[in-house]
Amino acid sequence: MKIVIPGGTGQVGTVLNRALTAAGHDVVVLTRRPTHDRQVRWDGETLGHWATVIDGSDIVINLAGRSVSCRYTAPNLQAMMDSRVHSTQVVGEAIARAARPPRVWLQMSTATVYAHRFDAPNDEATGVIGGGEPGVPDYWAYSVEIARAWERAQEEADTPHTRKVALRSAMVMSPDRGGVFDVLLGLARLGLGGPVAGGGQYVSWIHDRDFVRAVDFLVDRDDLTGPVNLAAPEPLPQRAFMRALRSAWGVPVGLPATRWMAELGAFALRSDTELLLKSRRVVPGRLLDAGFAFEHSRWPEAADDLVQRVRLRRVARRPGSGVPALS
């Protein structure tokens, strides 16, 4: 199949591109800065020659949007909103104008759309959309509005011949450098992977191979449209999440951090505490109901697998190791 991935140069795009190319698909990435012949330049805002690669494609997987790994200043939040909404709108316009539109449009969204809560998990049917929770920073509501506007842009696109699915994804855990797992593992290895602000907030996650398998599953299931949660079925409190990660690497302790310490750490990493403090208790209701079977449903086993892949990759990079690099 011909698969087009707008915004496919980030961590998730790299995971998908690698797996889909290995499976024999013809993958084209739309990016602002192409570096090889399987990448096509676009600006994520206006129609251009890039739209010709969508015409005649089988699948579009739109991942475009400014990274959330930044300080949540007003300009950065606006950039997150604009980059997501504008890119989704222009992808929809390209699909609408295509003589041979793709049969499926998978649109990245986020599990952040759900409320900060501890009492019950959020699935697609009964989950509580965030934005009005008491006692949380005001800008958290804007993060939810970004997610809702992102999904609305896809919903409102006039693409009657293309099935649309919004991927409400949790954090995708892969051993790639620079991804969220790499950052968390780095903290654990330094002895900093303890509870943050008590550690009761839930962490939702999905193993990279289950993410790819879920994408394949959704492509093949013509009966599934609209929002779908891409998250492992067993989210867990942050303290337990980091304990399992420390155990996988062999680090006995992790220093706890108060809320103000988390603020300082996030500032140093040029990130934001919402990523650490919001309780994202998200479960994959529609995937499970449709019969999808996770290979990595529990975090301790998933962490063990990811750590093993990190270690093997390090060995493979040593001169004369004789060990092939693993994805």
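Above: the structure in question.
Nothing here was measured: the structure is a model prediction, and the numbers come from that model. (Residues numbered from 1 in each chain as written. Predicted model: local features only at pLDDT ≥ 70, side-chain atom pairs only at ≥ 80, totals over all residues. Heavy atoms only, no water.)

K.L.:
Whenever I open this one, the overall build of the chain confuses me. Can you help?
P.N.:
Within the chain one finds 10 helices and 11 strands. Based on the C-alpha atoms only, the size of the chain along its principal axes is roughly 60 × 55 × 40 Å. If you take every contact in the chain between residues at least 6 apart in sequence, the share linking residues at least 24 apart comes to 77%. With the model as given, the accessible surface of the chain reaches about 14800 Å², and the carbon-plus-sulfur share is 54%. In the chain, 39 positive and 35 negative side-chain charges are present, and the distance between their average locations comes to 7 Å. (Helix = DSSP H or I, 4+ residues; strand = E, 2+ residues; numbered from the N terminus. Contact = heavy atoms within 4.5 Å. Areas by Shrake-Rupley, 256 points an atom, 1.4 Å probe, with all protein chains shown as cover. Lys, Arg positive; Asp, Glu negative; His and termini not counted. Charge placed at Lys NZ, Arg CZ, Asp CG, Glu CD.)

K.L.:
What is the right way to read the nonpolar core from this model?
P.N.:
Nonpolar side chains in soluble globular proteins tend to be buried together. Core analysis: the biggest nonpolar cluster contains 33 residues, and Leu16, Ile61, Leu106, Phe211, Leu218, Leu230 and Leu287 have the highest contact counts within it. Counting residues per element, this core draws most heavily on helix H5 (residues 208-220), at 7 residues. Once residues lying within four places of it in the same chain are set aside, the contact partners of Ile61 are Ile3, Val4, Ile5, Pro6, Leu16, Leu20, Leu106 and Val215. Residues Phe181, Trp205, Leu236 and Ala302 belong to the second largest nonpolar core, which totals 22 residues. (Core = buried A, V, L, I, M, F, W, Y, C linked by side-chain atoms within 4.5 Å. Buried < 20%, exposed > 50% of the residue type's maximum accessible area, 1.4 Å probe, protein only.)

K.L.:
Where do I start with helix H4 (residues 180-189) in this structure?
P.N.:
Since one α-helical turn is 3.6 residues long, residues separated by three or four positions face the same way. Where H4 is concerned, the buried positions are Phe181, Leu184, Leu185 and Ala188. The buried residues of H4 occupy an angular sector of 100° when projected down its axis, which confines them to one face. Packed against the buried residues of H4 are strand S7 (171-173), helix H6 (238-249) and helix H10 (299-316). Note on H4: the residue one or two positions beyond its end, Gly191, has a positive phi of about 80°. (Arc of directions from axis to C-beta.)

K.L.:
Which parts of the structure should I look at to understand the pairing of strand S1 (residues 2-6)?
P.N.:
On any regular strand, side chains alternate: one points to one face of the sheet, the next to the other face. With 4 of 5 residues buried, S1 lies mostly within the body of the structure. Where the polypeptide runs from S1 across helix H1 (residues 11-22) and back to strand S2 (residues 26-31), its parallel neighbour, the crossover connection is right-handed. Bridge analysis of S1 against strand S4 (residues 59-62) gives 2 bridges, and the strand direction is parallel. When the sheet's bridge partners are listed, Ile3 is paired in S4 with Ile59. (Right-handed = clockwise from strand over helix to strand, strands pointing away. Pairing = 2+ DSSP bridges.)

K.L.:
Explain unusual backbone geometry to me, please; I cannot follow it from the model alone.
P.N.:
Glycine aside, the phi torsion of most residues is negative, and most peptide linkages are trans. Phi at Ala197 takes a positive value of approximately 50°, unusual for a residue other than glycine. Secondary-structure assignment places Ala197 in the loop between H4 and strand S8 (202-203). Its relative accessible area of 35% is what places Ala197 among the partly exposed residues.

K.L.:
I'm lost on the environment of His161 in this one. Help?
P.N.:
Checked against the element boundaries, His161 lands in the loop between helix H3 (138-155) and strand S6 (163-169). As for His161 and Arg100, which are separated by 61 residues in sequence, their C-alpha atoms are 9.2 Å apart.

K.L.:
I tried to follow the pattern of salt bridges on my own but got confused; where do I start?
P.N.:
Pairs can form between side chains of opposite charge whenever their charged atoms are close. A complete count under the given rule lists 16 salt bridges for this structure. Between Arg177 and Asp182 there is a salt bridge, with its nearest N and O atoms 3.7 Å apart. Assessed through its relative accessible area of 25%, Asp182 is described here as partly exposed. Across the pair Glu301 and Arg298 runs a salt bridge whose closest N-O atoms are separated by 2.8 Å. (Salt bridge = Lys/Arg side-chain N within 4 Å of Asp/Glu carboxyl O.)

K.L.:
What should I look at first to understand the packing of H4 against H6 in this one?
P.N.:
When two helices pack together, you describe them by how their axes are tilted relative to each other and by the distance separating the axes. Direction vectors running N to C along H4 and H6 enclose 75°, while the axes themselves pass 10 Å from each other. The angle between H4 and H6 places the two elements in the roughly perpendicular class. For the pair H4 and H6, the contacting residues are Phe181, Leu184, Leu185, Ala188 and Arg189 in the first and Phe241, Met242, Leu245, Arg246 and Trp249 in the second. (Axes fitted to C-alpha atoms, helices over the stretch in contact; angles between N-to-C directions. Parallel < 35°, antiparallel > 145°, perpendicular 65-115°, else oblique.)

K.L.:
How should I be thinking about a nonpolar patch on the surface in this particular structure?
P.N.:
Taken together, the side chains of Leu190, Leu192 and Leu255 define a hydrophobic patch exposed on the protein surface, amounting to about 330 Å² of accessible area. Classification of Leu192 by relative accessible area gives partly exposed; the value is 45%. (Patch = residues over 30% accessible without salt bridge, like charges linked within 9 Å, V, L, I, M, F, W, Y side chains within 5 Å.)

K.L.:
Would you take a moment to explain the packing of aromatic side chains for this structure?
P.N.:
Two aromatic rings are characterised by how far apart their centres lie and by the angle between their planes. Counted according to the given criterion, the structure contains 7 aromatic pairs. Where Phe292 meets Phe294, the ring centres are 4.9 Å apart and the plane angle is 90°; that geometry is what we call edge-to-face. An identical accessibility class is assigned to Phe292 and Phe294; each is buried. These aromatic residues form a ring-pair network of at least three members: Phe181, Trp205, Phe241 and Trp299. The side chain of Arg311 reaches across the aromatic face of Trp249, ending 3.9 Å from its centre. (Phe/Tyr/Trp six-rings, centres within 6.5 Å; stacked < 30°, edge-to-face > 60°. Lys NZ or Arg CZ within 6 Å of the ring centre and 35° of its normal.)

K.L.:
What is the right way to look at the sheet that holds strand S3 (residues 39-41) in this model?
P.N.:
Two strands in a sheet stick together by hydrogen bonds in their backbones, pointing the same way (parallel) or opposite ways (antiparallel). Ordered by their spatial adjacency, 7 strands build an open sheet running S3-S2-S1-S4-S5-S6-S10, and the pairing between neighbours is parallel. Every interior strand has two partners, whereas the edge strands, S3 and strand S10 (226-230), have only one. Averaged over all adjacent pairs, the angle separating strand axes in this sheet is 20°, with direction ignored.

K.L.:
How should the side chain of Gln238 be read in this particular structure?
P.N.:
With respect to the helices, strands and loops of the structure, Gln238 is situated in helix H6. Owing to a relative accessible area of 7%, Gln238 belongs among the buried residues under this scheme. Separated by 2.9 Å, the side chain of Gln238 and the backbone nitrogen of Val196 make a polar contact. Residues contacting Gln238, with those up to four places away along its chain left out, are Gly194, Pro195, Val196, Gly199, Gln201 and Val203. (Polar contact = N/O pair within 3.5 Å; in protein donor to acceptor, adjacent residues only side chain to side chain.)

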